[in-house]
Amino acid sequence: MIDIIPPNLPALLLGPIIYFFYRKSLNYLALATALLTFILTIKLEPGIYGGFKILGYEFLLKVDALSLFFAYVFSMFGFIGLLYALHVDDRIQITAGLMYMACAVGVAFAYDILSFYLFWEGLAIFAVLLIISARTKVAYFSSIRYILVHVISGLSLFLGILMLWIDYSIITLENYRELFGTIPYFLILLAFVINAAVPPLNAWLPDAYPNSTIYGSVFLCAFTTKSAVYALIRVFPGDMLLAIAGALMAFYGVIYAILENNPRRLLSYHTISQVGFMVCGAGLGSYEALNGASAHAFAHIIYEGLLFMSVGAIIYATGIERIHQLGGFVRKNPWITLYFFVGALSISGVPLTCGFVSKSITIHSASALHRPFEFLLMELASIGTFFNIVLRMGYHIFFGEEKPYTARPVPWNMHVAMIIASALCILIGLFPGIYYKFLPYPIHYEPYTYGHIVGMLALFSGVTVIFFFVRPLIAPKPKINLDTDWFYISISRVIYRFVVKVLEPFEYKYVGEFYKSLVDKLLANLRNTLFLFNDGLLISLNKEFPLRINSIPKKIANIFDGSLLKYLQIFIIAIIIFYLMSLISF
Amino acid sequence: MWTKEDKKNISLSLVLFIIFLVLSIVGYFFFPKEKHFSFEKIPFFEGLFGLVGALFLTLVVKITGKLVSRKEEDYDRYYTS
């Protein structure tokens, strides 16, 4: 029998049901399921649980402070995101959002590597569904690129865990530091690093997030990268390469973000930059740094979600998605402006917000470990974050020259979701003591000291002076910026042309001729046989069945009207019934 | 180019900067904090770092922009064809 109910089980079971029996009112059920996930997560006690078996393989759950900390924020943010999307009448976005959250919670609790791998792949699948739900040509192409990148990540993880299983008989997710230098170590590290979007493997992130719908990008910004951060903290704490890569990543993201004109693409680059702080924290590896990475991941999900939600609300209200076309938005909707600035001040780490109490732990641990390179790069990234989001984006969207556009009102549920996220940002910033109690490792850190507060504010005041001096130089222009995906897109294009222009004609001309006799003799005969079978047996059945249809009651006969969706619904019900029966027999 | 508003904002931010200059010099003498690197011992290090860092970032961004920025109309040529 199962020891506990896994917190993501209701969401995993109800998600398909909501999909197949979708009505707009079922959005409330999805919201309630996310809330149930959060409640079940709160009720969990630390320990290792099992008992759920399929074909003799036992799935294991590990509940400890680290996994609980991440699961809290995943389930909480799933609730906020679904609340934000409550008015959407689209079965894909609602269910993919719910299942995406369930998979992220699953990654946080998975202890055996197989279930970890399954949830890891689930993250990629539901992310692709969220991207493609925009139903545009651009989104289609991005989702194809997203699949290709994440297939590499998933396969390298799969190969890694198979090698661990066979060569080292390791079946649980532990700290793999003692395996350093072996092939599975690097395979698994590669998978995590791709999902954490460490440059030069980062291009899928700013490619996909802005091309999704505004609701899709709210879910997307929260789960994939942060579950990779969780995995890095769990499996590879203290890998010095990660510390350097993370610091460079924080800087890289900020540089690209300052070049951007598309607000969601800009925020995507800031996601890369902020995840860089966490990767650096995981790489530094002291208890304080790991705490900093976890705390920053928690805060980051909330404020980045808030920023994506407020930018999404602007896009919803105006229909414009270019910063240079916006301006003076504060006069159209002061509330959204307020939410945006709470998020913006949080991401740059201004005192009294959650960014201040979480980001400074990582930076402090870098200086406590005497690593000036990481310290300076992270400080530069903080400068760039304040410079870009609060000053550049805040000035050019909300103030500055007013451009001609109209803004329609935003639904109540979007407002409520943004209010909850803003309140969380400020509450965490006001009461860091309570927040630190949930951290996975013991911590002795006081963010609110005179030197720290004045230092941060002095830093930001210096940045403000420079910003207004150079503002016209870095004003948003209608430009796009090529990222590292240019390399693999170009290479694939060359390969594609080679295949179409050289290989295909060659195959038709020579190889095709070679197989012609085989096809003529063998396959044509096979086809004829099958054709006979089809014509003789199946057609006769087809003819007879309608003749007997009168003997079936009309209600049952109506079920077989050829609607594929109805068949799938019956199929799902049957699967659930079988599943429940199998639970009883355990 | 620079507008009238920018000039007002520059003078306002300079006032802020000077306020924090004074505050951090007060902190330097009365509220000493632990310092881990030699460069942190410079009085008002954070404010100066903010100035220099923001200038440095602008420079890097302008150079990177020259290398990677393309016209927006070219999006389809790079990404969806």
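Residues numbered from 1 in each chain as written. Chains lettered and ligands numbered in written order. Predicted model: local features only at pLDDT ≥ 70, side-chain atom pairs only at ≥ 80, totals over all residues.

**Q** Describe in detail the overall build of chain A, supporting the description with residues and values.
**A** Broken down by element type, chain A carries 21 helices and three strands. Principal-axis analysis of the C-alpha atoms gives chain A an extent of 90 × 55 × 55 Å. Residue burial in chain A is summarised as follows: out of 586 residues, 51% are buried. For chain A, the proportion of contacts with a sequence separation of at least 24, taken over those separated by at least 6, is 81%. (Helix = DSSP H or I, 4+ residues; strand = E, 2+ residues; numbered from the N terminus. Buried ≥ 20, exposed ≤ 12 C-beta atoms within 10 Å, placed from the backbone. Contact = placed C-beta atoms within 7 Å.)

**Q** Could you give me a rundown of the overall build of chain B, with the residues and numbers involved?
**A** The secondary structure content of chain B amounts to three helices and one strand. Put simply, chain B runs from its N terminus to its C terminus through helices and strands in the order α-α-β-α. Taking 81 residues into account, the globule formula puts the C-alpha radius of gyration at 12 Å, and chain B, at 20 Å, lies well above it. Taking the principal axes of the C-alpha coordinates as reference, chain B spans close to 65 × 40 × 20 Å. (Rg over C-alpha atoms; globule rule 2.2 N^0.38 Å.)

**Q** Go over the interface of chain A and chain B, please, and point to the residues and values.
**A** Taken together, the contact between chain A and chain B spans 47 residues of the former and 44 residues of the latter. Elements represented by at least two residues in the side of chain A that touches chain B include exactly α6 (137-168), α10 (240-259), α14 (354-368), α15 (372-398), α18 (450-470), β3 (479-481) and α19 (485-548) of chain A. Ranked by the residues each element gives to the side of chain A that touches chain B, the list is headed by α18 of chain A, at 19 residues. Of the residues in the side of chain A that touches chain B, the class split is 32 nonpolar, eleven polar and four charged. (Nonpolar A, V, L, I, M, F, W, Y, C, P; charged D, E, K, R; others polar.)

**Q** Which residues make up the domain arrangement of chain A, and what values do they have?
**A** All names here are of chain A. Along its sequence, chain A is carved into domain 1 (1-224), domain 2 (237-479), domain 3 (484-543) and domain 4 (552-586). Between the C-alpha centres of domain 1 and domain 2 the distance comes to 24 Å. The interface of domain 1 with domain 2 comprises 28 residues on the first partner and 37 residues on the second. Within the residue set of the side of domain 1 that touches domain 2, elements represented by two or more residues are α3 (65-84), α8 (204-208) and α9 (214-235). (Domains from an automatic or database assignment.)

**Q** Explain the pairing of strand β2 (residues 57-63) of chain A residue by residue, including any values.
**A** The element β2 of chain A is extensively covered by neighbouring structure, given that five of its seven residues are classed as buried. In this antiparallel pair of consecutive strands, strand β1 (residues 47-54) of chain A and β2 of chain A, the connection spans two residues, and L55 of chain A shows a positive phi of 50 degrees. (Pairing = 2+ DSSP bridges.)

**Q** An account of the nonpolar core is needed here, citing residue identities and associated values.
**A** Generally speaking, nonpolar side chains in soluble globular proteins are found buried as a group. Residues and elements named next belong to chain A. Ranked by internal contacts, the top residues of the largest apolar core, which has 197 residues, are Y100, L123, V229, L232 and V279. With 18 residues, the single largest contributor to this core is helix α12 (residues 287-318). Each of domain 1 (1-224) and domain 2 (237-479) gives at least three residues to this core. Apart from the residues lying within four places of it in its own chain, the contact partners of V229 are A196, V275, M278, V279, A282, A293 and A297. (Core = buried A, V, L, I, M, F, W, Y, C linked by C-beta atoms within 7 Å.)

**Q** Give me the environment of N195 of chain A: which residues, what numbers.
**A** Residue and element names in this part refer to chain A. Checked against the element boundaries, N195 lands in helix α7 (residues 183-195). Residues N195 and A231, 36 residues apart in the sequence, show an inter-C-alpha distance of 10.0 Å. Leave out the neighbours within four places in its chain, and N195 touches S153, T224, T225 and A228.

**Q** Give me helix α2 (residues 26-43) of chain A: which residues, what numbers.
**A** All names here are of chain A. The terminal C-alpha atoms of α2, which comprises 18 residues, lie 26 Å apart, in line with the 26 Å expected from a rise of 1.5 Å per residue. Turning to α2, its buried residues number three or more, namely N27, A30, L31, T33, A34, T37, F38, L40 and T41. Turning to α2, the residues buried within the fold contact α1 (9-20), α3 and α4 (91-109). (Expected span 1.5 Å × (residues − 1).)

**Q** How would you explain the pairing of β1 of chain A if you had to name every residue and give the values?
**A** All names here are of chain A. Across the eight residues of β1, zero count as buried, placing the element largely on the outside. In this sheet, β2 lies alongside β1 in antiparallel orientation, the contact comprising six bridges. Each bridged residue has a counterpart across the sheet, and for G47 the counterpart in β2 is V63.

**Q** Can you tell me about unusual backbone geometry, naming the residues and giving the values?
**A** All names here are of chain A. In this chain, P199 is followed by P200 through a cis amide linkage whose omega measures 5 degrees. With respect to the helices and strands, the residue P200 is situated in the loop between α7 and α8. The phi torsion at A197 lies on the positive side, around 60 degrees, for a residue other than glycine. Note on placement: A197 falls in the loop between α7 and α8. Its 25 C-beta neighbours within 10 Å are what place A197 among the buried residues. Notably, H370 is not glycine yet its phi reads approximately 55 degrees, a positive angle. Topologically, H370 is positioned in the loop between α14 and α15.

**Q** Go over the packing of α14 of chain A against α15 of chain A, please, and point to the residues and values.
**A** All names here are of chain A. Two elements in contact, α14 and α15, have axes whose closest approach is 8 Å; the angle formed by their N-to-C orientations is 155 degrees. As judged from the angle between their axes, α14 and α15 are roughly antiparallel. Every pair of crossing elements has a handedness; the one defined by α14 and α15 is left-handed. On α15, the residues touching K359, T362, I363, A366 and S367 of α14 are E374, F375, M378, E379 and S382. Residues belonging to the contact of α14 with α15 are distributed by class as follows: four nonpolar, three polar and three charged. (Axes fitted to C-alpha atoms, helices over the stretch in contact; angles between N-to-C directions. Parallel < 35°, antiparallel > 145°, perpendicular 65-115°, else oblique. Left-handed = near helix turned anticlockwise from the far one by under 90°.)

**Q** Tell me about helix α1 (residues 4-30) of chain B, and please be specific about residues and values.
**A** Helix length check: α1 of chain B, at 27 residues, gives a terminal C-alpha distance of 40 Å against a target of 39 Å (1.5 Å per residue), a fit within 8%. All of the buried residues in α1 of chain B are N9, S13, F17, F20, L23, S24 and G27 of chain B. Lining the buried residues of α1 of chain B we find α18 of chain A together with α2 (45-68) of chain B.

**Q** Go over the confidence of the model for chain B with me, naming the residues and quoting the values.
**A** Chain-level pLDDT for chain B is 85 on average; 100% of the residues reach the 70-or-more range. The secondary structure element of chain B with the lowest average pLDDT is helix α3 (residues 75-79) of chain B, at 82, and the one with the highest is α2 of chain B, at 91. (pLDDT = per-residue confidence, 0-100.)

**Q** Go over the environment of L522 of chain A, please, and point to the residues and values.
**A** Residue and element names in this part refer to chain A. Looking at the element boundaries, L522 is found in helix α19. By C-beta crowding, L522 is classed as exposed, having 10 other C-beta atoms within 10 Å. Sequence separation of L522 and L473 is 49 residues, and the distance between their C-alpha atoms is 71 Å.

**Q** Give me the environment of K509 of chain A: which residues, what numbers.
**A** Mapped onto the elements of the fold, K509 of chain A is located in helix α19. Sequence-wise, K509 of chain A and E379 of chain A are 130 residues apart; in three dimensions their C-alpha atoms are separated by 62 Å.

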